[in-house]
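Notes for the structure review
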Amino acid sequence: MKRGFQIALLTARWMAGAGLKALINEHFPLYRVSLFTDADSYRQAARLTKFDHLFTLGETGIPNGTEWDEKASQEEVLSRLQEILRADDTDAGKHQPLTPRELDVLRLVTQGLLNKEIADRLEISLHTVISHRKNITAKLGIKTVSGLTIYALMHGLVE
């Protein structure tokens, strides 16, 4: 998943917006969500930050956002979010897919193995494991083991 995706959430109903923000944070923790309760504060922030998505709840005066129905079930919201955010994953990964060996290393990293243990398991050198991990980090823009684990889970690479 591309690092640094920014989501702007605009709604006059703060509680509904906070609920959607919490849902996004819980299920898509690598995304940064900014909550705005009026169009002016959103516009001011948008001058400084490039938002990849604008989600709106209710009448906001901003025509370009993805509008959400406040009465939708959590399952409907999550399904729609997955469609939208997986498109980001696809776009981010188009240019530099992980090699089969990088996928092997990623799977073992998510199991909590150390570099030396990965090298032993795959019968490669420690230096090669480190190189693969650097390549994975560069391609995905994810530096932490927890972030890599979430990425692997979201993409069905591990259970």
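Model, not experiment: these values are computed from the prediction. (Residues numbered from 1 in each chain as written. Predicted model: local features only at pLDDT ≥ 70, side-chain atom pairs only at ≥ 80, totals over all residues. Heavy atoms only, no water.)

**Regarding the packing of aromatic side chains**
Applicable threshold: Two aromatic rings from Phe, Tyr or Trp, using only the six-membered ring of Trp, form a pair when their centres are within 6.5 Å; if the ring planes differ by under 30 degrees the pair is stacked, by over 60 it is edge-to-face, and anything between is tilted. A simple rule labels every residue: compare its accessible area, found with a 1.4 Å probe on the protein chains alone, to the largest value its type can have, and call it buried under 20%, exposed over 50%, or partly exposed in between. Secondary structure elements are taken from DSSP: a helix is a run of H or I of four residues or more, a strand is a run of E of two residues or more, and numbering for both begins at the N terminus.
Counting across every chain of the model gives four aromatic pairs. Where Phe-36 meets Tyr-42, the ring centres are 5.8 Å apart and the plane angle is 70 degrees; that geometry is what we call edge-to-face. Each member of the pair, Phe-36 as well as Tyr-42, carries the same accessibility label: buried. Centroid distance Phe-36 to Phe-51: 5.9 Å. Interplanar angle 85 degrees. Geometry classified as edge-to-face. Residue Phe-36 is found in strand E2 (residues 32-36), and its partner Phe-51 is found in the loop between helix H2 (39-48) and strand E3 (53-57); the two are separated by 15 residues along the sequence. For the pair Phe-36 and Phe-51, a shared accessibility class is recorded, and that class is buried.

**Examining the sheet that holds strand E4 (residues 66-68)**
Worth spelling out the cut-off: Only strands joined by at least two bridges in the DSSP assignment are considered to pair. Angles shown run from 0 to 180 degrees and are taken between the N-to-C directions of axes, each axis being a line fitted to C-alpha atoms and, for helices, limited to the stretch in contact.
Ordered by their spatial adjacency, four strands build an open sheet running E2-E1-E3-E4, and the pairing between neighbours is parallel. Each edge of the open sheet is held by one strand with a lone partner, namely E2 and E4. Between one strand axis and the next, the sheet turns by 25 degrees as a mean value, whatever way the strands run. Pairing analysis gives five bridges linking strand E1 (residues 6-11) to E2, with the strands arranged parallel. By the bridge assignment for E2, Ala-8 is matched with Ser-34.

**Regarding the packing of helix H5 (residues 115-122) against helix H6 (residues 126-140)**
Heads up, the rule is: Angles below 35 degrees are treated as roughly parallel, those above 145 as roughly antiparallel, those between 65 and 115 as roughly perpendicular, and all remaining angles as oblique. Two residues qualify as a contact provided that any one of their heavy atoms is within 4.5 Å of a heavy atom in the partner residue. Side-chain classes follow a simple rule in which Ala, Val, Leu, Ile, Met, Phe, Trp, Tyr, Cys and Pro form the nonpolar group, Asp, Glu, Lys and Arg form the charged group, and the remainder, Gly included, forms the polar group.
Two elements in contact, H5 and H6, have axes separated by 8 Å at closest approach and are oriented at 110 degrees. For the element pair H5 / H6, the angle class is roughly perpendicular. Facing H5, whose interface residues are Asn-115, Lys-116, Ile-118 and Ala-119, H6 presents Leu-126, Val-129, Ile-130 and Arg-133. Within the contact of H5 with H6, the residues separate by chemical class into five nonpolar, one polar and two charged.

**A word on the nonpolar core**
The test is simple: Nonpolar cores were defined as sets of buried Ala, Val, Leu, Ile, Met, Phe, Trp, Tyr and Cys residues, with membership established by side-chain atoms within 4.5 Å.
Leu-20, Ile-24, Phe-28, Phe-55, Trp-68 and Leu-81 are the most contacted members of the largest nonpolar core, which totals 18 residues. Counting only elements with at least two residues in this core, the list comes to E1, helix H1 (14-27), E3 and helix H3 (74-93). Tallying contributions element by element places H3 first for this core, with five residues. Not counting residues up to four positions away in its chain, the partners in contact with Leu-20 are Leu-9, Leu-57, Trp-68 and Val-77.

**Some remarks on the pattern of salt bridges**
To be explicit about the condition: The working definition used for a salt bridge is a side-chain nitrogen of Lys or Arg within 4 Å of a carboxyl oxygen of Asp or Glu.
Summed over all chains, the structure comprises six salt bridges. Ionic pairing is found between Lys-139 and Glu-102, a salt bridge with its closest N-O pair at 2.9 Å. On the criterion of sequence distance, the pair formed by Lys-139 in helix H6 and Glu-102 in helix H4 (residues 100-110) is long-range, its members being 37 residues apart. Taking the shortest distance from any N to any O, the salt bridge between Arg-107 and Asp-104 comes out at 3.6 Å. One end of the pair is Arg-107 and the other is Asp-104, both in helix H4 and three residues apart, which spans about a single turn.

**Details of H6**
Stated precisely, the cut-off is as follows: Helices are assigned an expected span. That span is 1.5 Å times one less than the residue count. Taken from the helix axis, the directions to the C-beta atoms give the arc we talk about.
The end-to-end C-alpha distance of H6, which contains 15 residues, comes to 21 Å, matching closely the 21 Å that a straight helix rising 1.5 Å per residue would cover. Within H6, burial applies to Val-129, His-132, Ile-136 and Leu-140. Down the axis of H6, the sector holding all buried residues measures 60 degrees, keeping them to one side. Exposed residues pointing more than 90 degrees away from the buried face of H6 are listed as His-127, Lys-134 and Ala-138. Packed against the buried residues of H6 are H4, H5 and helix H7 (145-154).

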